[in-house]
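One-letter residues, chain by chain:
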Amino acid sequence: MGQRLVVNITEGSDILANIYYHWSGYTSCSVVVLKLLVEIIQKNKGGNILCAIAKELEKSGGGIIQDDIKNVPEDWGMMMPARDRNEGLMAITEPEISHNNQWAEEVAFINIVDGTVCNETYNYYEDLDQMMGHYYFSPEDYPPKSEFLKEELGVDDVEELPLNEFLGKEIAFEDFLNITDDYYQNEFFRGDNLEIYQTI
């Protein structure tokens, strides 16, 4: 089994299509996938975005999922079924969209109306106590908080973590594309109320 990612392409609250990636359900991998999809969308403004995505995925072995090939609109032209689940299996009908989502371990959303990305590939802790509870079986095993912060998060206080600007937030396409690779290399981020986000 891989770490399975599903990217839902939405129009407002409606899912138009989604894409299953077998090995991309990690924060850094999902960012690469999402940037590629956003760039395709931006290049095809005013055109058939779903068709453009399918054709681009097809170049590397991804594309329309086998069971949806028969449902491809005629004006999309000839499409070959996807051959490589690592390169994206795209579903365009409700049954196949639901099937893809059943396999998701991590999810992300691209809203083509609002022009936003929401990446949900992360671990979330409401506070340090909850995070320590995830790391240890019993409170009796907890080290001092100062020790845990230093050894696991590399800081003396949660406030020292970089502010989360992208995990679980709807971000405009341009802002998403402009976030630097250095920023994504951080493992831990803090929320506005000192909640903790961890990349995976």
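Residue positions are counted from 1 within each chain, in the order its sequence is given. It should be noted that, the model being predicted, local features are given only for residues of pLDDT at least 70 and side-chain atom pairs only at 80 or more, the latter also being counted only at that level, while totals for whole chains, interfaces and linings use all residues. Calculation of side-chain values draws on the structure's entire complement of heavy atoms; hydrogens and water are dropped beforehand.

(A) View of the overall build of the chain. Under the DSSP-based scheme used, a helix requires at least four consecutive residues in state H or I and a strand at least two consecutive residues in state E, with every element numbered from the N terminus. Broken down by element type, the chain carries seven helices and 10 strands. Once the C-alpha set of the chain is aligned to its principal axes, its extents read approximately 65 × 35 × 30 Å. Each of the 200 residues in the chain was classed as buried or not, and the buried ones make up 46%. Contacts were defined at the residue level, with two residues in contact if any of their heavy atoms lie within 4.5 Å. A fraction of 60% describes how many contacts in the chain between residues 6 or more apart in sequence connect residues 24 or more apart. As presented, the chain carries roughly 10,600 Å² of accessible surface, and 46% of it is formed by carbon and sulfur atoms. The centroid of the 13 positive side-chain charges in the chain is displaced by 8 Å from the centroid of its 38 negative side-chain charges. Burial classification: accessible surface area is computed with a 1.4 Å probe over protein chains only, and a residue below 20% of its type maximum counts as buried, one above 50% as exposed, and the rest as partly exposed. In this description, accessible areas are obtained by the Shrake-Rupley approach with a 1.4 Å probe, and a residue is regarded as covered only by the protein chains that are shown. Just so you know, the count uses Lys and Arg for positive and Asp and Glu for negative, and it drops His and the chain ends. In this description, the location of a charge corresponds to atom NZ of lysine, CZ of arginine, CG of aspartate or CD of glutamate.

(B) Expanded view of the packing of aromatic side chains. Any pair of Phe, Tyr and Trp rings, taking the six-membered ring for Trp, is counted once the centres come within 6.5 Å. Such a pair is stacked with planes under 30 degrees apart, edge-to-face with planes over 60 apart, and tilted for the rest. Evaluated as defined, the whole model comprises six aromatic pairs. Their ring planes at 65° and their centres at 5.2 Å tell us that Y124 and Y197 sit as a pair that is edge-to-face. Residue Y124 is found in strand β7 (residues 122–125), and its partner Y197 is found in strand β10 (residues 196–199); the two are separated by 73 residues along the sequence. The class of Y124 is partly exposed, set by a relative accessible area of 39%. Given a relative accessible area of 11%, Y197 falls into the buried group.

(C) Structural context of the sheet that holds strand β6 (residues 116–119). Pairing between two strands is assigned when DSSP locates at least 2 bridges connecting them. Read across the open sheet, the seven strands follow the order β3-β4-β2-β1-β5-β6-β8; overall the sheet is mixed. The open sheet has two edge strands with one neighbour each: β3 (63–64) and β8 (170–172). Bridge count between β6 and β8: three bridges; the pairing is antiparallel. Bridge pairing in β8 places C118 opposite E170.

(D) Spatial organisation of a negative patch on the surface. Residues enter patches when they are more than 30% accessible in relative terms and free of salt bridges; like-charged ones are connected within 9 Å and nonpolar ones (Val, Leu, Ile, Met, Phe, Trp, Tyr) within 5 Å. Salt bridges are identified by distance alone: a Lys or Arg side-chain nitrogen within 4 Å of an Asp or Glu carboxyl oxygen. Taken together, the side chains of E147, E151, E152 and E187 present a region of like negative charge at the surface. Overall, the relative accessible area of 31% leaves E152 in the partly exposed class.

(E) Main features of helix α3 (residues 94–102). Listed as buried for α3 are E96, I97 and N100. When α3 is viewed along its axis, its buried side chains cluster within an angular range of 105° and face the same direction. Among the exposed residues of α3, those oriented more than 90 degrees off its buried face are E94, P95 and Q102. The inward-facing, buried residues of α3 abut β1 (5–11), β2 (14–21) and β4 (89–91). In this description, one arc is meant: the one made by directions from the helix axis to the C-beta atoms.

(F) Spatial organisation of helix α2 (residues 49–58). Counting buried residues along α2, seven of its 10 residues qualify, which places the element largely inside the surrounding structure. Of all the residues in α2, the buried ones are I49, L50, C51, A52, I53, A54 and L57. Buried residues in α2 make contact with β1, β2, α1 (27–43), β3 and β4. For α2, the capping residue at the N-terminal end is N48, with a side-chain oxygen 3.4 Å from the backbone nitrogen of L50. Each polar contact in these results corresponds to two N or O atoms within 3.5 Å; when the atoms are within protein, one needs to be able to donate a hydrogen and the other to accept it, and residues that are neighboring in sequence are counted only if both atoms are side-chain atoms.

(G) Up close: the environment of L36. The residue L36 is located in helix α1 in this model. L36 gets classed as partly exposed once you look at its relative accessible area, which sits at 39%.

(H) Up close: the side chain of S24. With respect to the element layout, S24 can be found in the loop between β2 and α1. When near neighbours in sequence (up to four residues on either side) are disregarded, S24 contacts Q3, L5, C29, S30 and V33.

(I) A look at the nonpolar core. By convention a nonpolar core is built from buried Ala, Val, Leu, Ile, Met, Phe, Trp, Tyr and Cys residues, the set being connected through side-chain atoms within 4.5 Å. In this structure, V7, L37, I53, W76, M90, I110 and F166 are the most contacted members of the largest nonpolar core, which totals 40 residues. Elements with a contribution of two residues or more to this core: β1, β2, α1, α2, β5 (106–111), α6 (173–178) and α7 (181–184). Every residue in contact with V7, bar those within four places of it in the chain, is listed here: A17, N18, I19, Y21, V33, L34, L37, A108 and I110. Of all hydrophobic cores here, the second largest spans 12 residues; its members include L128, M131, F148 and L149.

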